[in-house]
Structures are given as C-alpha cells and as structure tokens.
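A structural walkthrough
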Amino acid sequence: MTNYATLFGFGLFDPSMIKYKGYLDRFLAFTKKKKIDVVVLCGGHTNLKFPEKSEAGTMAEYLKPLLEDNVQIKIEDRSRTTGENILFAKDYIDLSPNNKIFVVTDSVRFFKVYWMVLHYWFGLSKEEISSEWLKIVKKIYDNPKRKHIALQLNDIKKNLAFRNVTIVIDTHEHRTYKDAVHQLASEIIEVEALYNQSIMNDFMEMSKVKEVARAKFGLS
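Residues numbered from 1 in each chain as written. Predicted model: local features only at pLDDT ≥ 70, side-chain atom pairs only at ≥ 80, totals over all residues. Heavy atoms only, no water.

A short note on the pattern of salt bridges
Between side chains of opposite charge, a pair can form as their charged atoms come close. Scanning the entire structure with this criterion turns up nine salt bridges. Across the pair R78 and D91 runs a salt bridge whose closest N-O atoms are separated by 3.1 Å. Of this pair, R78 sits in the loop between β3 (72–76) and α3 (82–89) while D91 is found in the loop between α3 and β4 (100–105), placing the two residues 13 residues apart along the sequence. Taking the relative accessible area as the measure of exposure, R78 reaches 47% and is therefore partly exposed. (Salt bridge = Lys/Arg side-chain N within 4 Å of Asp/Glu carboxyl O. Helix = DSSP H or I, 4+ residues; strand = E, 2+ residues; numbered from the N terminus. Buried < 20%, exposed > 50% of the residue type's maximum accessible area, 1.4 Å probe, protein only.)

Examining the sheet that holds strand β5 (residues 161–162)
Neighbouring strands of a sheet are bound in pairs by backbone hydrogen bonds; such pairs are parallel or else antiparallel. A sheet is described by the order of its strands in space; here six strands give the open sequence β3-β2-β1-β4-β6-β5, paired in mixed fashion. Looking at the sheet topology across the chains shown, the edges are occupied by β3 and β5. With five bridges joining them, β4 and strand β6 (residues 165–169) adopt parallel strand pairing. Note on β6: the bridge partner recorded for V104 is V168. Packing of helix α2 (residues 55–63) onto the sheet brings it into contact with β1 (3–8), β2 (38–42) and β3, and relative to β2 it is tilted by some 140 degrees. (Pairing = 2+ DSSP bridges. Contact = heavy atoms within 4.5 Å. Axes fitted to C-alpha atoms, helices over the stretch in contact; angles between N-to-C directions.)

With respect to the nonpolar core
Among the nonpolar cores identified, the biggest contains 61 residues, and L24, L41, V103, V117, W121 and L160 are the most heavily contacted of them. Tallying contributions element by element places helix α4 (residues 110–121) first for this core, with nine residues. Setting aside chain neighbours within four positions, we find W121 in contact with T6, I86, A89, K90, I93, L95, I101, V103, M116 and V165. (Core = buried A, V, L, I, M, F, W, Y, C linked by side-chain atoms within 4.5 Å.)

Structural notes on the pairing of β4
Looking down a regular strand, the side chains alternate between one sheet face and the other. Here β4 lies mainly inside the structure; five of its six residues are buried. Of the pairings in the sheet, the one linking β1 to β4 comprises five bridges and is parallel in character. Each bridged residue has a counterpart across the sheet, and for L7 the counterpart in β4 is V104.

With respect to the packing of aromatic side chains
The final tally for this structure, using the stated rule, is ten aromatic pairs. Measuring from ring centre to ring centre gives 4.9 Å for F10 and Y23, while their planes differ by 75 degrees; the resulting arrangement is edge-to-face. Of this pair, F10 sits in the loop between β1 and α1 (18–33) while Y23 is found in helix α1, placing the two residues 13 residues apart along the sequence. Note on F10: relative accessible area 18%, which makes it buried. Consider the rings of F13 and Y20, whose centres lie 5.1 Å apart with planes at 75 degrees: the pair is edge-to-face. For the pair shown, F13 and Y20 are each scored as buried. Among the aromatic side chains, those forming a connected cluster through ring pairs are F10, F13, Y20, Y23 and Y62. Against the face of F88 rests R78, its NZ or CZ located 3.9 Å from the ring centre. Over the face of the ring belonging to F10 we find R109, whose NZ or CZ atom lies 4.7 Å from the ring centre. (Phe/Tyr/Trp six-rings, centres within 6.5 Å; stacked < 30°, edge-to-face > 60°. Lys NZ or Arg CZ within 6 Å of the ring centre and 35° of its normal.)

What follows is the structure, encoded as structure tokens:
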C-alpha cells in the first residue's frame, strides 16, 4: 500500500509569505501524521516575471529538506489552473484500491477539486458526480447529532471522500475577501468548462490575463 498526498500551489512560494508558509507547514505536519510515501506538488510556470520558476518547484525547495527521508517528491509543473493541477497529477498517482490518496486544498476550492477528481481520475459523468455530492449532503443532514441547520465546513471536512481518495480541506486563508471571491466565482466556470469547449477556451484566456497580473504584482 502507498499513501499519496497532493498539494496545489498559490503562485510562486517565498518563505517571507507567512500565510503561504503556514499552508506548507501544515501540509508537512499532515504528511508525517498520515505516514505519506509520495508527495505530489502541483503548479506550473504561472508568473511571467520568473518564467524559469514553477509553483511546484518553489514549494519543493522549501519542503524537501523538511520531509521524512523516505518520502518521494513528484513535481507537476505544467498546470496553470486547478483543473490542470488535478488532470496532470494523475500521471504521478496509482489509483489502485489498495492505495490511499489525499488531495489537500483550501476552503474555497474544495467543491471544484472534489468535482474534478471524480471527473478526471474516475471518469464519472456530470450526473454521477452530482449524485455523489448529494449523497454527501444527505449523509450530513441525516446525522442526528447535528445541532445547526446550515451546512457547515466542519461537516463537509469529515465526509468529502470517494473510494480511496479523500479531499482534505486546509485552513488556508486568502489574503483578502476579493481573493476568495475570485476563487468562488471561478468554481462554476471551471466546472462548466469541462463540458463546453467554448467556455474552456475563454477560461484559459482568462488564465493568461492572470499570469500577466502575477508578473506585475508578484515576487520582486
């Protein structure tokens, strides 16, 4: 049995970025707690100011000396979007039922990540993924110990899994409310893009604009 853990980048990493560092430090603790054998770091060359650097590569530079000696690091550095993170990460993961796979994400991307894992890794249809999501929600609402009416993040954290894959929601906080809104707004677009090539083309054009913005306001 092999335990895998994947982690998605938030742009190029630098140790001076306190929240980003906290994100990686919590992931490091998670790999030790779960006895992870293979770490898959995802994130491409998304900053035009530093074309030689990738999100995955900068995360690896920080994590490699801190991980247990027996842990393998796989670097997925082609992706530009969350969907590509998941699509390309599949090349480094053995989905055999005897293995365990943990996909670590933040609290504003978990739905999109869950959807795309079922789409890209397991080949489920739109209707099948919707059905699986409804099963999770129903399980939460059927729990007699729940003392609140609204669906809450802690409820979802305990139930977000499919077969041998578990989505782990990290406590990473975005820099501003605007950053969170950007991620939430992109969820529906990127999911719909899976089924509509025209939307996918538009979404990838938007990603190019984001790369230009990162070059202007990114690391100096």
